[in-house]
Amino acid sequence: MPKLYLLLGGNLGNRTLYLQQARETIATQVGPIVQASGIYETAAWGKTDQPSFLNQVLEVETQLGPEQVLQTINLIEHELGRERLEHWGSRVIDIDILFYDDLVQQTQRLTIPHPQLHLRRFTLQPLQEIAPNLVHPMLQQTISELLIRCPDDLEVNPYSYSSGEL
Ligand SMILES: Nc1ncnc2c1ncn2[C@@H]1O[C@H](COP(=O)(O)OP(=O)(O)OP(=O)(O)O)[C@@H](O)[C@H]1O
Ligand SMILES: Nc1nc2c(c(=O)[nH]1)N=C(CO)CN2
């Protein structure tokens, strides 16, 4: 079954509760979560004048194709109250597709692997926890290697491990 890596993030409201609700909905609508990283508190990247985020990475087994995954996670974001206000702005929940097996796809709607994952410590740190030896299919480097070379030095701190348990 295809293996999918998702990044969850949010910096508004009850951040742990939104992550928990996202995990529960993903498990029923996308597929079983086979690994979950701990939850990290991370300084806002890109647009820095906003509250810090909680981020977590999930490995999910799914029978959905990539476009169906995108449709489903957009619906979950909508159900949980996500409003698209501004690019890189504050949000209650954001769900990004990081990898879908070894697929490389660039269309207007969907880019896999996520085009900026190698530039974002808030993504690489939780990803490294559950998939250190995963090889990026375009960059041909492992997640551990990408993390060492990541130019971003924003703070990424462990926040909660118990909530990351399955
Ligand atoms: N790998 C991907 N995962 C999720 N959405 C993607 C991906 N590639 C392209 N998209 C497109 O991006 C849109 C969502 O953009 P969104 O508003 O979440 O961007 P953002 O979270 O502000 O920024 P970023 O994508 O840089 O994290 C989706 O509707 C989708 O069509
Ligand atoms: N720390 C952190 N910063 C961000 C995040 C995020 O999830 N975590 N998401 C963004 C838009 O996708 C922009 N900036």
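In every chain, residue numbers begin from 1 and rise along the written sequence. Each chain takes a letter, starting from A, and each ligand takes a number, starting from 1, following the order in which they are written. Local features are withheld for residues below a pLDDT of 70 in this predicted model, meaning they are given only at 70 or higher, and side-chain atom pairs are given and counted only at 80 or more; totals for whole chains, interfaces and linings count all residues. Only hydrogens and water are set aside; all other atoms, that is, all heavy atoms of the structure, feed into the side-chain values.

If you look the chain up in an unreviewed UniProt entry, it shows as 2-amino-4-hydroxy-6-hydroxymethyldihydropteridine pyrophosphokinase from Pontibacter burrus. UniProt positions are given in the numbering used here, feature names are shortened, and annotations may be inferred rather than shown by experiment. According to the UniProt record, the Pathway (unreviewed entry) comment for the chain reads "Cofactor biosynthesis; tetrahydrofolate biosynthesis; 2-amino-4-hydroxy-6-hydroxymethyl-7,8-dihydropteridine diphosphate from 7,8-dihydroneopterin triphosphate: step 4/4." The record held by UniProt for the chain lists under Function (unreviewed entry) the comment "Catalyzes the transfer of pyrophosphate from adenosine triphosphate (ATP) to 6-hydroxymethyl-7,8-dihydropterin, an enzymatic step in folate biosynthesis pathway."

(A) Quick look at the site of ligand 2. Any residue with a non-hydrogen atom lying within 4 Å of a molecule or strand is treated as near it. Close to ligand 2 lie T42, A43, A44, W45, F53, N55, W88, R91, D94 and F122, which account for all nearby residues. Between ligand 2 and T42, the relevant distance is 2.7 Å, taken from a nitrogen atom to a side-chain nitrogen or oxygen of the residue. Bound to the protein, ligand 2 loses 97% of the 330 Å² it would expose on its own. Mapping ligand 2 onto the cavity grids shows that it belongs to the largest pocket. When residues are sorted by character, Ala, Val, Leu, Ile, Met, Phe, Trp, Tyr, Cys and Pro go into the nonpolar class, Asp, Glu, Lys and Arg into the charged class, and all the rest, Gly among them, into the polar class. Considering only residue class, the shell around ligand 2 consists of 6 nonpolar, 2 polar and 2 charged. N or O atoms closer than or at 3.5 Å make up a polar contact, with two conditions inside protein: a donor-capable atom paired with an acceptor-capable one, and, for residues adjacent in sequence, both atoms drawn from side chains. Residue-level accessible areas treat just the shown protein chains as cover; the underlying method is Shrake-Rupley with a 1.4 Å probe. Cavities and pockets are found on a 1 Å grid laid over the protein atoms alone: a cavity is a set of points where a 1.4 Å probe fits but cannot escape, a pocket is an open set with protein on both sides within 12 Å along at least five of seven lines, and a lining residue has an atom within 4 Å of such a point. Whether a molecule lies in a cavity or pocket depends on its atoms, and more than half of them have to be within 2 Å of the grid points.

(B) Representation of the pattern of salt bridges. Definition used for salt bridges: Asp or Glu carboxyl oxygen within 4 Å of a side-chain nitrogen of Lys or Arg. All chains considered together, the criterion is met by 5 salt bridges. Of the charged contacts in the structure, one is a salt bridge between E41 and R15, with a shortest N-O distance of 3.0 Å. You can see E41 sitting in strand 3 (residues 39-42) and its partner R15 sitting in helix 1 (residues 15-29), a full 26 residues away along the chain. Throughout this description, buried means an accessible area under 20% of the type-specific maximum (1.4 Å probe, protein chains only), exposed means over 50%, and partly exposed covers the range between. The class for E41 is partly exposed, based on a relative accessible area of 25%. With relative accessibility at 18%, the residue R15 sits in the buried group. Taking the shortest distance from any N to any O, the salt bridge between D49 and K47 comes out at 3.3 Å. Helical segments are the DSSP runs of H or I of at least four residues, strand segments are the runs of E of at least two, and each set is numbered from the N terminus.

(C) Summary view of the side chain of T25. Locating T25 in the fold gives a position in helix 1. Those residues in contact with T25, other than ones at most four positions away along the chain, are V30, I76 and E79. Residues are treated as being in contact if the distance between any of their heavy atoms lies within 4.5 Å.

(D) Helix 2 (residues 66-79), seen in detail. The terminal C-alpha atoms of helix 2 lie 20 Å apart, and with 14 residues this matches the ideal 20 Å at 1.5 Å per residue to within 8%. Along helix 2, the positions that sit buried rather than exposed are P66, V69, L70, T72, I73, I76 and E77. Tucked inside the fold, the buried residues of helix 2 contact strand 1 (3-10), helix 1, strand 5 (94-100), strand 6 (105-106) and strand 7 (111-112). Once helix 2 ends, the next one or two residues include G81, with phi positive near 95 degrees. Expected span of a helix: the number of residues minus one, times 1.5 Å.

(E) Layout of helix 1. Under the 1.5 Å per step criterion, the end-to-end length of helix 1 is 21 Å for 15 residues, consistent within 8% with the ideal 21 Å. Along helix 1, the residues that are buried comprise R15, L19, A22, R23, T25 and I26.

(F) Spotlight on the nonpolar core. Each nonpolar core is a collection of buried residues, namely Ala, Val, Leu, Ile, Met, Phe, Trp, Tyr and Cys, held together in the definition by side-chain atoms within 4.5 Å. Counting residues in hydrophobic clusters, the biggest one holds 26 residues, and the most contacted among them are L4, I26, V60, I95 and I97. Residues contacting I95, with those up to four places away along its chain left out, are L6, L7, L8, I26, I73, I76 and E77. Residues L7, L124, L146 and L147 belong to the second largest nonpolar core, which totals 18 residues.

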